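# Tertiary structure, described
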Amino acid sequence: MSTNDVIARLDAAVSALGDVDVSGWDDTVLAEHLNDLSAALVAVDGQLARLAEAIRTRGLQIVEPPIAA
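Residues numbered from 1 in each chain as written. Predicted model: local features only at pLDDT ≥ 70, side-chain atom pairs only at ≥ 80, totals over all residues. Heavy atoms only, no water.

## Description of the overall build of the protein chain
Spelled out, the test is: What counts as a helix is a DSSP run of H or I of at least four residues, what counts as a strand is a run of E of at least two, and both are numbered from the N terminus. Just to be clear, the radius of gyration here is over C-alpha atoms, and the globule rule we use is 2.2 Å times residues to the power 0.38. Partly exposed residues are those whose accessible area sits between 20% and 50% of the maximum for their type, while under 20% is buried and over 50% is exposed, using a 1.4 Å probe and protein chains only. Note that accessible areas follow from Shrake-Rupley with a 1.4 Å probe, and for residues the cover is restricted to the protein chains shown. Positive charges come from Lys and Arg, negative ones from Asp and Glu, while His and the chain ends are left out of the count. In this description, the location of a charge corresponds to atom NZ of lysine, CZ of arginine, CG of aspartate or CD of glutamate.
Along the protein chain, the regular secondary structure elements total two helices and zero strands. For 69 residues, the compact-globule formula gives about 11 Å, and the C-alpha radius of gyration of the protein chain, at 16 Å, lies well above that figure. Taking the principal axes of its C-alpha atoms as reference, the protein chain extends roughly 45 × 30 × 25 Å. With 69 residues in all, the protein chain has 1% of them scored as buried. Only carbon and sulfur atoms are counted for the fraction: they give 60% of the accessible area of the protein chain, which is about 6,200 Å². Within the protein chain, the 11 negative side-chain charges are centred at a point lying 19 Å from the centre of the 4 positive side-chain charges.

Right under this line is the structure:
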């Protein structure tokens, strides 16, 4: 997979996560899906930590991009 493809897939994942809004979910629905949501969040966290560690291992920093004005 090309670097551009990887970046595009990461951008798509960020966009997909940005579309998730549980604030409108009924508490019952949220509770019914809590295990699945928790598993997904833990998996995402683990993958982000893995990528970040691979970058840091190479002596690079992960920096927050400047906010566009």
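## Some points on a nonpolar patch on the surface
Using the following cut-off: Nonpolar side chains (Val, Leu, Ile, Met, Phe, Trp, Tyr) within 5 Å and like charges within 9 Å form the patches, drawn only from residues with over 30% relative accessible area and no salt bridge. Any Lys or Arg side-chain nitrogen located within 4 Å of an Asp or Glu carboxyl oxygen qualifies as a salt bridge.
On the surface, Met1, Val6, Ile7, Leu10, Leu17, Val44, Leu48 and Leu51 cluster together into a nonpolar patch covering about 700 Å² of accessible area. Elements supplying a minimum of two residues to the nonpolar patch: helix H1 (3-18) and helix H2 (27-57). Within the secondary structure, Val44 sits in helix H2.

## A word on the environment of Val29
Relative to the assigned elements, Val29 resides in helix H2. Judged by its relative accessible area of 33%, Val29 is partly exposed.

## Here we look at H2
To keep it simple, the criterion reads: In this scheme, a helix's expected span is set at 1.5 Å multiplied by one less than its residue total. To get the bend at a residue, fit one axis to the 7 residues ending there and another to the 7 starting there, then take the angle between the axes. Under the rule applied, a polar contact is a pair of N or O atoms within 3.5 Å (in protein, one hydrogen donor and one hydrogen acceptor; residues adjacent in sequence only if both atoms are side-chain atoms).
With 31 residues, H2 should reach 45 Å at 1.5 Å per residue; the first-to-last C-alpha distance of 42 Å fits that figure. Largest kink in H2: about 55°, centred on Leu34. Where H2 begins, the side chain of Asp26 points an oxygen toward the backbone nitrogen of Thr28, at a separation of 2.8 Å.

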